[in-house]
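Listed below, chain by chain, are the residues.
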Amino acid sequence: MSPEAHSAPRSLAEALRARDDASLAALLRSRPDLITPVPTDLTQLATRAATRASVLRALERLDRFALQTAEALAVAPDPAPYGTLLGLMAGDAGDETVAAALPRALGTLREQALVWGDDDRLRLVRTARELLAPSPQHPSPTGLGPTVQEAASGMSPGRIQEIVTAAGLPSTHDSVSALAALTALFTDRKKMAKLLAGAPEAAREVLSRLVWGPPYGQVTAHPAAHVRWLLDRGLLLPTAPGTVVLPREVALHLRQGRAHRSPQPLPPAVAAAAAHSPQGVDATAAGQAHTALATVEELLKDWDEGGPAVLRAGGLSVRDLKRTAVALDVSEPVAAFWVELAHAAGLIASDGEADERYAATPAYDEWREAPAAERWARLAQAWLAATRTAGLVGDRDAKDRTLSALGPGLDRSAAPEVRHRVLTLLAALPQGTAPDAESLLARLRWERPLRGPRQDGEDDLRSRLARWTLSEAELLGVTGRGALSAHGRALLGAPAPASAADSPAPEPSGPGDKLPVHHHRPPARRAPLPPGERAAAAAAAARLLAPLLPEPLDHVLLQADLTAVAPGPLRRPLADMLGVLADVESKGGATVYRFTPASVRRALDAGRTAADLHAFLAEHSRTPVPQPLAYLIDDVARRHGHLRVGAASAYVRCDDDALLNEILADRRAAALRLRRLAPTVLAAQCDPAALLEGLRAMGYAPAAESAEGDVLIARAHSHRTPPRTAPEPVPDGPPPPDDTLLTAAIRAIRAGDLAATAPRKPAGGPPAGGELPRTSSAETLATVQAAVLTGDSLWIGYVNAEGAASQRVIAPIRVEGGFVTAYDHTADEVRTFPLHRITGVAELADD
């Protein structure tokens with residue numbers, strides 16, 4: 001191999017140029033922002049990879065040990081050999097665990113183009129060094145301060161010579177050599193140990209307080225003797241009036257060479273909080289899934305005729321959320337979760353009318369007709385992918401406005417990734433094992449330390465998202481008793497777990513014993529499923545869940561106390577009719593319905609007759625129809641429609657004038673302001689709806705009638721929005737590219753790099769600054785025609801129809817009609833170029 005092949009890269013672009021296609025694909029896959037849009041060549045790729053926004057995004061996605069490695073390189077000499085980096089990470093005494101994990105961390109940094117160079121000349125990208133290196137405005141997480149050279153840059157030469165002399169070193173002729181000698185002293189372990197051995201005890205205490213950071217301290221104008229001892233020898237250096245700093249070299253000596261107080265080469269294990277049988281977990285999760293479906297259906301049924309009004313700024317009002325929580329019999333945060341889940345699944349939306357309200361979408365009617373397991377899978381898939389975060393409801397935004405359910409400001413782009421990561425960690429535990437929440441959060445903080453807890457100790461957003469994920473997964477039935485269910489695992493796309501014989505569920509031996517932690521099985525996936533695989537995962541989850549859900553029943557148990565007990569979920573026609581004929585009194589494993597005069601009247605208003613109701617109950621009851629219920633139906637039916645209410649302004653008519661006399665004499669009718677127009681007609685000074693409600697409150701059973709005198713049948717009107725699509729998740733940056741895009745992008749970058757770096761013959765002098773070649777039309781035509789005969793490749797400048805200029809390497813095939821047909825190395829295809837759009841040509845060098 002030639003000596004040039006072994007030469008070290010002189011820039012990040014050269015380091016990228018030396019990579020193979022698989023390595024470039026790994027870079028673009030881990031940092032997808034670099035491929036949007038596709039760079040023209042590797043130099044542009046390197047420039048983009050070193051921009052502040054891209055580097056900061058890459059740093060935020062490093063795990064704690066990889067970030068600690070980058071922080072160590074930021075305080076190391078530039079460039080630094082691998083041995084220096086290892087010393088900063090493992091210390092003088094060494095650490096086998098750190099030494100074993102360091103190659104992986106360094107490989108991660110290299111893969112993501114944050115570090116380049118060979119092991120003897122490791123270089124951190126300059127932007128990353130600027131972000132991670134210590135400064136007075138941005139202290140380093142390492143707790144280290146500036147170097148001796150940096151801290152003493154503003155000191156007078158005389159003062160520097162005084163420090164050198166006090167430290168026991170010979171004086172020099174200039175400050176540069178003096179600071180170099182002082183640095184050499186501080187980095188010599190034996191000499192530094194000898195120097196510190198003569199320090200006062202109080203001075204060593206001062207150093208111990210600063211050694212792990214922050215490295216800055218305050219001193220008075222007349223410091224104490226032990227502080228003066230440190231200042232005189234440069235162990236503390238002044239940075240501003242009244243402020244001193246511990247030089248980096250001194251701190252590293254006191255730390256035995258370690259840049260970090262506690263390197264964390266291994267991720268913390270997720271501890272087990274409890275262990276259950278897998279069958280029990282799946283059964284519990286299936287019960288929660290059934291409850292989730294029932295809750296969403298109840299919510300949509302409550303909003304069937306038109307839900308709450310949309311606030312001017314968007315979203316539900318606090319009052320409407322409270323009313324919804326009461327209707328669902330849940331707390332307000334849980335009600336917000338169900339509302340947001342239905343919205344994410346595309347089941348509810350704004351109707352877009354002038355008096356804007358929330359209502360069910362046409363997709364809800366299709367969803368209701370699907371099998372229960374498929375309906376659950378759709379809800380779970382929507383939850384996994386949603387960026388809208390119900391847990392934020394009630395918080396304040398940056399403008400101190402309350403965040404409302406279904407309102408703006410709830411999108412958090414990190415939510416899908418956190419949900420997937422939490423469930424993936426659960427999938428790594430043995431079947432039936434529920435995790436300890438704090439150990440789970442510790443693991444997530446290790447994986448994304450730059451998004452860790454805030455300074456005030458409050459959980460960061462990722463930790464809050466993780467806590468919400470655990471509770472929402474339990475509500476939805478993805479987990480049961482805190483452990484991931486089999487259908488939840490399938491929804492995640494994780495492989496099937498080991499059998500119980502291969503991975504027995506651990507049991508604590510006593511109340512004070514802790515369950516073991518688990519390292520053995522790494523998570524199956526670190527990224528959410530691509531869109532093409534989600535449908536297959538949802539179908540697999542539905543197949544596993546379906547046998548665990550209760551079968552809908554076609555019967556109820558009627559009881560003598562005017563109640564009906566549904567021992568399980570009811571088939572839809574039976575549930576719909578019973579919802580009209582009776583009121584739900586209690587829920588749970590069995591639903592209790594209560595028959596009342598008002599509920600029976602509601603069924604009669606909907607067009608049913610007493611005979612219809614008797615036949616319906618007899619058909620669907622496993623017990624005989626109780627006599628009190630039969631009497632109730634007959635009594636309400638006998639009185640139903642005896643009074644007729646119509647619109648004049650409003651009137652009441654009845655063939656029984658004695659009944660009208662009774663109403664007029666009733667003091668409760670005073671608010672209706674009735675007066676007799678005829679023996680069988682009363683007029684009221686209120687609208688028909690108010691008159692109907694007033695008479696029903698008095699115990700009567702009036703019926704509304706039309707202008708023609710026919711009884712109006714009061715059927716519920718289902719209000720639907722126009723067709724709506726589910727809200728699109730807000731992506732957390734560009735999506736990861738697929739293999740097809742990566743292959744095409746790498747080929748384009750390679751071809752562009754070939755065009756940009758191909759050696760050219762210096763005909764008339766090469767263009768400066770990467771400009772396009774310039775030749776006359778005659779020269780261009782002659783050169784291209786000659787290349788057709790010789791088969792040589794050319795470097796051309798080309799301006800397309802949109803005016804975009806580019807450089808290309810082509811192999812001309814033929815020239816005719818003002819066009820040149822050539823193989824374009826840049827695009828890797830045969831193309832035709834108009835000669836008038838070629839700015840110039842240049843021959844490539846022979847080598």
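What you see is a predicted model, and the numbers here were worked out from it, not measured in a lab.

## Comments concerning the overall build of the protein chain
Helix and strand counts for the protein chain come out as 34 helices and 26 strands. Classification of the 847 residues of the protein chain by burial places 46% in the buried group. About 40,800 Å² of surface is accessible on the protein chain, with carbon and sulfur atoms providing 55% of the total.

## A word on helix H4 (residues 42-49)
Restricting attention to buried positions, one finds in H4 the residues Leu42, Leu45, Ala46, Arg48 and Ala49. End-on view of H4: buried residues confined to an arc of 165 degrees, all on one side of the axis. Of the surrounding secondary structure, the elements contacted by the buried residues of H4 are helix H2 (12-17), helix H3 (21-30), helix H5 (52-60) and helix H33 (739-757).

## With respect to the pattern of salt bridges
Summed over the entire model, instances satisfying the criterion amount to 33 salt bridges. Measuring nitrogen to oxygen at the nearest pair gives 3.4 Å for the salt bridge that ties Asp739 to Arg29. Of the two residues, Asp739 is situated in helix H33 and Arg29 in helix H3; the sequence distance between them amounts to 710 residues. Owing to a relative accessible area of 39%, Arg29 belongs among the partly exposed residues under this scheme. A salt bridge links Glu816 to Arg814; the nearest nitrogen and oxygen atoms lie 3.4 Å apart. Connected through shared salt-bridge partners, Arg159, Glu162, Arg228 and Asp232 make up one network.

## Some thoughts on the packing of aromatic side chains
Counting across every chain of the model gives 4 aromatic pairs. Plain terms: the ring middles of Phe337 and Trp338 are 5.0 Å apart, the flat faces sit at 55 degrees to each other, and that makes the pair tilted. Sitting over the face of the ring of Trp367, Arg375 holds its NZ or CZ atom 5.4 Å from the ring centroid.

## Considerations on the pairing of strand E16 (residues 591-594)
As paired elements, strand E14 (residues 563-566) and E16 share 4 bridges and run antiparallel to each other. Each residue of the ladder has a partner; that of Ala566, found in E16, is Thr591. Strand direction decides the pairing type here: strand E15 (residues 583-586) and E16, joined by 3 bridges, are antiparallel. Paired with Ser586 across the strands is Val592, a residue of E16.

## Re the sheet that holds E15
Spatially, the 4 strands line up as an open sheet ordered E13-E14-E16-E15, and their pairing is antiparallel. Across the chains shown, the open sheet's two edge strands, defined by having one partner strand only, are strand E13 (557-559) and E15. Strand-to-strand twist of the sheet, defined as the mean angle between neighbouring strand axes without regard to direction, takes the value 30 degrees.

## Quick notes on the sheet that holds strand E25 (residues 829-834)
In space, the 5 strands of this open sheet follow the order E25-E24-E23-E22-E26, with antiparallel pairing throughout. Looking at which strands have only one partner, the edges of the open sheet turn out to be E25 and strand E26 (838-843). Across the sheet, the mean angle from the axis of one strand to that of its neighbour is 45 degrees, orientation sign disregarded. Here 6 bridges tie strand E23 (residues 805-816) to strand E24 (residues 819-824), and the two strands are oriented antiparallel to one another. By the bridge assignment for E24, Arg814 is matched with Thr821.

## So, a negative patch on the surface
Together, Asp655, Asp656, Asp657 and Glu662 make up a negatively charged patch on the protein surface. Residue placement: Asp655 occurs in the loop between strand E18 (651-653) and helix H31 (657-665).

## Regarding helix H32 (residues 688-697)
For H32, the full list of buried residues reads Leu691, Leu692, Gly694, Leu695 and Arg696. Directly after H32, the chain includes Gly699, whose backbone phi takes a positive value near 105 degrees.

## Notes on the environment of His487
Here His487 is to be found in helix H25 (residues 486-492). Expressed as a C-alpha distance, the spacing of His487 and Ala537, which sit 50 residues apart in the sequence, is 9.4 Å. Once you skip the residues sitting within four places of it in the chain, His487 turns out to touch Asp282, Ala285, Ala286, Trp376, Gly477, Ala541, Leu544, Leu545 and Leu548.

## Quick notes on the packing of helix H11 (residues 157-166) against helix H12 (residues 175-186)
Their axes nearest at 10 Å, the elements H11 and H12 cross at an angle of 30 degrees. The angle between the axes of H11 and H12 places the two elements in the roughly parallel class. With respect to the hand of their crossing, H11 and H12 are arranged in left-handed fashion. Facing Pro157, Ile160, Gln161, Ile163 and Val164 of H11, the residues of H12 in contact are Ser175, Ala178, Leu179 and Leu182.

## Looking at the side chain of Thr479
As for its position among the elements, Thr479 is in strand E10 (residues 479-480). For Thr479, a relative accessible area of 3% puts it in the buried group. Once residues within four sequence positions are removed from consideration, Thr479 is found in contact with Ala285, Leu426, Leu470, Ala473, Glu474, Leu484 and Ser485.

## Let's talk about the packing of H3 against H33
The contact between H3 and H33 brings their axes to 10 Å, and the two run at 115 degrees. In the packing of H3 onto H33, the handedness of the crossing is right-handed. In contact with Asp21, Leu24, Ala25, Leu28 and Arg29 of H3, H33 contributes Asp739, Leu742, Ile746, Ile749 and Arg750. Of the residues contributing to the contact of H3 with H33, the split by class is 6 nonpolar, no polar and 4 charged.

## A word on unusual backbone geometry
Trans is the prevailing form of peptide bonds, just as negative phi is the prevailing case for residues other than glycine. Here Thr36 and Pro37 are connected by a cis peptide whose omega angle stands at -5 degrees. Structurally, the position occupied by Pro37 is in the loop between H3 and H4. Each neighbour pair has its own omega, and for Asp78 with Pro79 the value is 0 degrees, a cis peptide bond. Inspection of the secondary structure puts Pro79 in the loop between helix H6 (64-74) and helix H7 (82-90). Even without being glycine, Arg481 reaches a positive phi, approximately 60 degrees. The residue Arg481 is located in the loop between E10 and strand E11 (483-484) in this model. A relative accessible area of 47% places Arg481 in the partly exposed class. The phi torsion at Arg673 lies on the positive side, around 55 degrees, for a residue other than glycine. Mapped onto the fold, Arg673 is located in the loop between H31 and strand E19 (674-678).

## Observations regarding the confidence of the model for the protein chain
Mean pLDDT for the protein chain: 84, with 89% of residues reaching 70 or above. Long-range and interchain partners of residues 498-525, a stretch whose pLDDT sits below 50, account for 55 contacts in this model, where long-range means more than four residues apart. Taken together, the stretch residues 763-769 has pLDDT below 50 and engages in 3 contacts with residues farther than four places along the chain or on a different chain.

## Quick word on the environment of Gln149
Its location among the elements puts Gln149 in helix H10 (residues 148-151). For Gln149, a relative accessible area of 38% gives the class partly exposed. Taking the C-alpha atoms as reference points, Gln149 and Val176, separated by 27 residues in sequence, lie 8.4 Å from one another. With residues up to four places along the chain from it excluded, the contact list for Gln149 reads Val176, Leu179, Ala180 and Thr183.

## Section: the nonpolar core
Grouped together as the largest cluster of nonpolar side chains are 89 residues, with contacts concentrated most on Phe186, Leu235 and Leu236. The element best represented in this core is H6, accounting for 7 residues. Filtering out sequence-adjacent residues up to four positions away, Leu236 remains in contact with Val206, Leu207, Leu210, Leu230, Leu231, Val244, Val245, Leu246 and Pro247. In this structure, Val296, Ala336, Ala344 and Leu476 belong to the second largest nonpolar core, which totals 72 residues.

## Some remarks on the side chain of Ser599
Structurally, Ser599 is set in helix H28 (residues 597-605). A polar contact is formed between the side chain of Ser599 and the backbone nitrogen of Thr596, at a distance of 2.9 Å. When residues no more than four places from it in sequence are discounted, the contact partners of Ser599 are Val580, Leu581, Ala582, Asp583 and Arg594.

## Topic: the environment of Pro408
Here Pro408 lies in the loop between helix H21 (372-385) and helix H22 (415-427). In this structure, the C-alpha to C-alpha distance between Pro408 and Asp397, residues 11 residues apart in sequence, is 10.0 Å.

Cut-offs applied
- Residues numbered from 1 in each chain as written.
- Predicted model: local features only at pLDDT ≥ 70, side-chain atom pairs only at ≥ 80, totals over all residues.
- Heavy atoms only, no water.
- Helix = DSSP H or I, 4+ residues; strand = E, 2+ residues; numbered from the N terminus.
- Buried < 20%, exposed > 50% of the residue type's maximum accessible area, 1.4 Å probe, protein only.
- Areas by Shrake-Rupley, 256 points an atom, 1.4 Å probe, with all protein chains shown as cover.
- Arc of directions from axis to C-beta.
- Contact = heavy atoms within 4.5 Å.
- Salt bridge = Lys/Arg side-chain N within 4 Å of Asp/Glu carboxyl O.
- Phe/Tyr/Trp six-rings, centres within 6.5 Å; stacked < 30°, edge-to-face > 60°.
- Lys NZ or Arg CZ within 6 Å of the ring centre and 35° of its normal.
- Pairing = 2+ DSSP bridges.
- Axes fitted to C-alpha atoms, helices over the stretch in contact; angles between N-to-C directions.
- Patch = residues over 30% accessible without salt bridge, like charges linked within 9 Å, V, L, I, M, F, W, Y side chains within 5 Å.
- Lys, Arg positive; Asp, Glu negative; His and termini not counted.
- Charge placed at Lys NZ, Arg CZ, Asp CG, Glu CD.
- Parallel < 35°, antiparallel > 145°, perpendicular 65-115°, else oblique.
- Left-handed = near helix turned anticlockwise from the far one by under 90°.
- Nonpolar A, V, L, I, M, F, W, Y, C, P; charged D, E, K, R; others polar.
- pLDDT = per-residue confidence, 0-100.
- Core = buried A, V, L, I, M, F, W, Y, C linked by side-chain atoms within 4.5 Å.
- Polar contact = N/O pair within 3.5 Å; in protein donor to acceptor, adjacent residues only side chain to side chain.

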